[in-house]
Amino acid sequence: MIQLQILSGKQAGVRWMARRFPVRIGRAAANDLQLEENGVWDQHCLLNFDPAEGFILSAQSNALLTINREPILSAPLRNGDSIE
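Keep in mind the model is a prediction, meaning the values are calculated, not measured. (Residues numbered from 1 in each chain as written. Predicted model: local features only at pLDDT ≥ 70, side-chain atom pairs only at ≥ 80, totals over all residues. Heavy atoms only, no water.)

Chemist: I keep staring at the packing of aromatic side chains and nothing clicks. Help me out?
Modeler: The relative placement of two aromatic rings is captured by the distance of their centres and the angle of their planes. Overall, the coordinates contain 3 aromatic pairs when judged by the stated rule. Centre to centre, the rings of Phe21 and Phe55 are 5.3 Å apart; their planes meet at 45°, and the pair counts as tilted. With Phe21 in the loop between strand 2 (15-18) and strand 3 (23-26) and Phe55 in strand 6 (residues 54-59), this residue pair connects regions lying 34 residues apart in the sequence. The class of Phe21 is partly exposed, set by a relative accessible area of 26%. (Phe/Tyr/Trp six-rings, centres within 6.5 Å; stacked < 30°, edge-to-face > 60°. Helix = DSSP H or I, 4+ residues; strand = E, 2+ residues; numbered from the N terminus. Buried < 20%, exposed > 50% of the residue type's maximum accessible area, 1.4 Å probe, protein only.)

Next comes the structure, spelled out in structure tokens:
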């Protein structure tokens, strides 16, 4: 299980828990976590769990994605990371 806290935008202050993986994040209604903000693509990123590596966040369809303000295509998440 992983908990995401939304810090800005329309859902600021919401804490969202993922209990099943993969988790699809994006603007479209079919996503597990729907974010209707400027710059969010219909299918923006995918959060998955790998027993060997932990939680992995991956950009989808050439979407822009950062962890702690560093651009990524795919990277493991750590407690306290900031995703933009």
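There is more to say after this.
Chemist: Got a minute to help me understand the pattern of salt bridges in this structure?
Modeler: Here the idea is simple: oppositely charged side chains can pair when their charged atoms come close. Summed over all chains, the structure comprises 2 salt bridges. Asp32 serves as the salt-bridge partner of Arg24, at 3.9 Å between the closest nitrogen and oxygen. Here Arg24 falls in the partly exposed class, since its relative accessible area comes to 39%. On the accessibility criterion, Asp32 (36% relative accessible area) is partly exposed. Among the ionic pairs, Glu84 bridges to Arg69, the shortest N-O distance being 3.5 Å. Of this pair, Glu84 sits in the segment after strand 9 (74-76) while Arg69 is found in the loop between strand 7 (66-67) and strand 8 (70-71), placing the two residues 15 residues apart along the sequence. (Salt bridge = Lys/Arg side-chain N within 4 Å of Asp/Glu carboxyl O.)

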